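Given next are the chains, with one letter for each unit.
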Amino acid sequence: MELYENTASGLHRLFIEKKASAVEIAEAHLARIEAVDGRVGAFLTVTKEEALAQAAALDEKRTAGEPLGALAGVPVAVKDNICTKDVRTTCASKILYNFKPPYNATVADKLRQAGAVTVGKTNMDEFAMGSSCETSHFQKTHNPRDLERVPGGSSGGSAAAVAAGEAPLALGSDTGGSIRQPAALCGVVGLKPTYGAVSRYGLVAFASSLDQIGPFARTVDDAALLFDAIKGRDTRDATSAHREQPPVAGTLDGNVKGLRIGIPQAYYGEGVDDAVKAKVLDTARALERAGAKLVDVSLSSTKYALPTYYILACAEASSNLARFDGVKYGYRTEHYDDLLSLYENSRSEGFGDEVKRRIMLGTFVLSSGYYDAYYHKAKLTQNLIRGEYDAAFRDCDAVLTPTSPVTAFKIGERTADPLQMYAADICTVPINIAGLPAVSLPCGEVDSLPVGLQLIGRKFEERIILNAAKAVEQICGVCAPAAL
Ligand code: GLN
């Protein structure tokens, strides 16, 4: 077996047991990136020198017998909207094409503390707005399972990097599905943690009340390992939760005896591909045979989730993106004669079409004449959706749905119609609206393309959904890197 085919926990063990050095592990993954990324396009920046220096420092620590973190020696890829000190962080936008943050996001610091080796920054939809990676200003990312298809989005680069064996772990961010949907389309594991479980400090904000950082991996145990490394209270993020979050890694056995799994009809209706539905429900029945109890739950407000999400997310984005003005950092137009034209032209030239569409929509729904009709109503609907989840979780311990209504679509197939692109998020946005944790993992294939199954849990009950995910993994098998 090649080094790059190992899981994160496998690589960590090889390092600890002195069967491989951190430099050898880093070199193997950098070589894999070199060999396949010309075709996959997962990375915007490969930090080869930094990675080798970090790895060499770990090897020295190991020789000196110093304590080593839980991810020591393990390569990790990081989405390009997570600030990394002195390393270009672009959000895949022209407006930040040259931005090198003077500080690390909390999660980037935590990766270093855990001994992970950062191999690079991954492609995404511009400012995390999209479901296919096609709104990136710089490049398209190709799905490693079928290079003519999209990897999903917005964290498509991170999902593709893990699926291609370029890194065993990656960080993404999820505002309406951007970890889970690309995980589903690329056939890997992706976890969106509970809102507040992981610090957002240093994550370039899209919709602050919905954004969460989370892990990608090829196994459920690896996802738990990375989740443990990044979670926890952070005084630099006012929305970070004040609570103990016990470790999840090492506690998962996949035992689902007596677990009540909710099946909501609303997630299996119109717009969801029949073959996808069938795969997900087959897996649910296999869980039942393993001892879980399937129960019907009603989540009928799900039909309002998509419009609610696009109102709330655009409103917050219009405010968050006001900071990109060509003055303090990033792209500045060459065509201006006063402050206003500097702002106008820097933003007109720096932002792509999807970002502009959302800024305009968001500004509209917040404007004084329309605030009550749109924004206020969306906040009320958010309460309705949250209340329904609270009620559902009285009858069940986890909710099981498809992650994406379809398998990976062809590059270019949906770019002409934004509404068709938004429909890709139909099964994932309600979870951000409710602030809940959810994991996506593969549960088989339709026409040789992976199908993603989503498990949704109560707040801070990541362990329960990851344990159920482990049961799914035992039934459906562990994902391997794509043959490229
Ligand atoms: N695809 C969704 C959107 O375009 C979700 C994005 C995300 O989670 N960052 O807004």
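Details of the structure are given in the entry above.
Just so it is clear, the model here is predicted, and its values are computed rather than measured. (Residues numbered from 1 in each chain as written. Predicted model: local features only at pLDDT ≥ 70, side-chain atom pairs only at ≥ 80, totals over all residues. Heavy atoms only, no water.)

## Some thoughts on the overall build of the protein chain
Working step 1: On a plain count of helices and strands, the protein chain comes out with 15 helices and eleven strands.
Working step 2: In terms of overall dimensions, the protein chain is globule-like: its C-alpha atoms have a radius of gyration of 21 Å, near the 23 Å expected for 484 residues.
Working step 3: Viewed in the frame of its principal axes, the protein chain has a C-alpha envelope of about 60 × 55 × 45 Å.
Working step 4: Burial statistics for the protein chain: of 484 residues in total, 61% are counted as buried.
Working step 5: If you sum the accessible surface of the protein chain, you get close to 18,200 Å²; carbon and sulfur atoms cover 50% of it.
Working step 6: Distance between charge centres in the protein chain, computed from 52 positive and 58 negative side chains, equals 4 Å. (Helix = DSSP H or I, 4+ residues; strand = E, 2+ residues; numbered from the N terminus. Rg over C-alpha atoms; globule rule 2.2 N^0.38 Å. Buried < 20%, exposed > 50% of the residue type's maximum accessible area, 1.4 Å probe, protein only. Areas by Shrake-Rupley, 256 points an atom, 1.4 Å probe, with all protein chains shown as cover. Lys, Arg positive; Asp, Glu negative; His and termini not counted. Charge placed at Lys NZ, Arg CZ, Asp CG, Glu CD.)

## Here's the deal with the pairing of strand S7 (residues 260-264)
Working step 1: For S7, the tally of buried residues reaches four of five residues, placing the bulk of the element in the interior.
Working step 2: Sheet analysis places S7 next to strand S8 (residues 293-297), joined by five bridges and oriented parallel. Paired with Ile263 across the bridge in S8 is Asp296.
Working step 3: Traced from S7 through helix H8 (residues 274-289) to S8, the parallel crossover comes out right-handed.
Working step 4: Sheet topology places S7 next to strand S9 (residues 398-402); two bridges connect them, and they run parallel. In the strand pairing of S9, Gly262 is matched with Val399. (Pairing = 2+ DSSP bridges. Right-handed = clockwise from strand over helix to strand, strands pointing away.)

## Focus: the packing of aromatic side chains
Working step 1: Counting across every chain of the model gives 14 aromatic pairs.
Working step 2: Look at Tyr371 and Tyr375: their rings are 5.3 Å apart centre to centre, the planes differ by 40°, and that puts the pair in the tilted class.
Working step 3: Given a relative accessible area of 34%, Tyr371 falls into the partly exposed group.
Working step 4: Taken together, the ring pairs connect Phe99, Phe127, Phe324, Tyr329 and Phe351 into an aromatic cluster.
Working step 5: One residue, Lys94, lies across the ring of Tyr331, its end atom 4.9 Å from the ring centre.
Working step 6: Stacked on the ring of Phe409, the Lys or Arg Arg414 has its end atom at 4.6 Å from the ring centre. (Phe/Tyr/Trp six-rings, centres within 6.5 Å; stacked < 30°, edge-to-face > 60°. Lys NZ or Arg CZ within 6 Å of the ring centre and 35° of its normal.)

## Observations concerning the site of the ligand
Working step 1: Lining the immediate surroundings of the ligand are 15 residues, of which Thr175, Gly176, Ser178, Tyr309 and Arg358 lie closest.
Working step 2: The separation between an oxygen atom of the ligand and a polar main-chain atom of Gly177 is 3.3 Å.
Working step 3: At 2.7 Å, a side-chain N or O of Ser178 approaches an oxygen atom of the ligand.
Working step 4: Of the residues contributing to the shell around the ligand, the split by class is five nonpolar, seven polar and three charged. (Near = heavy atom within 4 Å. Polar contact = N/O pair within 3.5 Å; in protein donor to acceptor, adjacent residues only side chain to side chain. Nonpolar A, V, L, I, M, F, W, Y, C, P; charged D, E, K, R; others polar.)

## Structural notes on empty space enclosed by the protein
Working step 1: According to the stated counting rule, one finds one cavity of 30 Å³ or more in the structure shown.
Working step 2: Estimated volume of the largest cavity: approximately 80 Å³.
Working step 3: If you go around the largest cavity, you meet 14 residues; those closest to its centre are Ala128, Gly130, Ser178, Tyr309 and Asp425.
Working step 4: When its residues are assigned to classes, the lining of the largest cavity shows five nonpolar, seven polar and two charged. (1 Å grid on protein atoms, 1.4 Å probe; cavity = no way out; pocket = protein on both sides within 12 Å on 5 of 7 lines; lining within 4 Å. Points joined across faces, edges and corners; volume = space filled by probe spheres on them.)

## So, a nonpolar patch on the surface
Working step 1: Together, Phe364, Tyr370 and Tyr374 make up an exposed nonpolar region whose accessible area comes to about 270 Å².
Working step 2: Along the chain, Tyr374 falls in helix H12 (residues 372-395).
Working step 3: Judged by its relative accessible area of 33%, Tyr374 falls in the partly exposed class. (Patch = residues over 30% accessible without salt bridge, like charges linked within 9 Å, V, L, I, M, F, W, Y side chains within 5 Å. Salt bridge = Lys/Arg side-chain N within 4 Å of Asp/Glu carboxyl O.)

## So, the packing of helix H7 (residues 220-230) against helix H15 (residues 462-476)
Working step 1: Packing of H7 against H15 leaves a shortest axis separation of 9 Å and a crossing angle of 155°. Taken together, H7 and H15 sit at an angle that is classed as roughly antiparallel. Contacts from Val220, Asp221, Ala224 and Phe227 of H7 reach H15 at Glu462, Leu466, Ala469, Lys470 and Glu473. (Axes fitted to C-alpha atoms, helices over the stretch in contact; angles between N-to-C directions. Parallel < 35°, antiparallel > 145°, perpendicular 65-115°, else oblique. Contact = heavy atoms within 4.5 Å.)

## Points about helix H3 (residues 48-64)
Working step 1: In this model, H3 (17 residues) spans 24 Å end to end at C-alpha, consistent with the 24 Å of a helix rising 1.5 Å per residue.
Working step 2: Those residues of H3 not exposed but buried are Ala51, Gln54, Ala55, Leu58, Asp59 and Arg62. Axial view of H3: buried residues confined to an arc of 145°, hence all on one face. Opposite the buried face of H3, by more than 90 degrees, sit the exposed residues Glu49, Glu60, Thr63 and Ala64.
Working step 3: Turning to H3, the residues buried within the fold contact helix H1 (8-16), helix H2 (22-40), helix H4 (106-113) and strand S3 (117-122). (Expected span 1.5 Å × (residues − 1). Arc of directions from axis to C-beta.)

## A few points about the nonpolar core
Working step 1: Ranked by size, the top nonpolar core spans 102 residues in total, and within it Leu71, Leu111, Phe127, Tyr389, Leu400 and Leu455 carry the most contacts.
Working step 2: Among the elements that make up this core, the one with the highest residue count is H7 (eight residues).
Working step 3: Counting residues in hydrophobic clusters, the runner-up holds 32 residues, among them Phe43, Ala72, Ala167 and Ile179. (Core = buried A, V, L, I, M, F, W, Y, C linked by side-chain atoms within 4.5 Å.)

## Regarding the sheet that holds strand S11 (residues 449-457)
Working step 1: Spatially, eleven strands are ordered S1-S3-S2-S4-S6-S5-S10-S11-S9-S7-S8 in an open sheet, and the strand pairing comes out mixed. For this open sheet the edge positions go to strand S1 (43-46) and S8, each flanked by a neighbour on one side alone. Neighbour-to-neighbour, the strand axes of this sheet turn through a mean angle of 30°, independent of strand direction.

## Notes on the packing of helix H9 (residues 305-320) against H12
Working step 1: At a minimum axis distance of 9 Å, the contact between H9 and H12 shows a crossing angle of 125°. The orientation of H9 relative to H12 falls into the category oblique. Where H9 crosses over H12, the two elements pack in a sense that is left-handed. Within the contact between the two elements, H9 uses Ala305, Thr308, Ile311, Leu312 and Ala315 and H12 uses Tyr374, Tyr375, Ala378, Lys379, Thr381, Gln382 and Ile385.
Working step 2: Looking at the contact of H9 with H12 residue by residue, the classes come out as eight nonpolar, three polar and one charged. (Left-handed = near helix turned anticlockwise from the far one by under 90°.)

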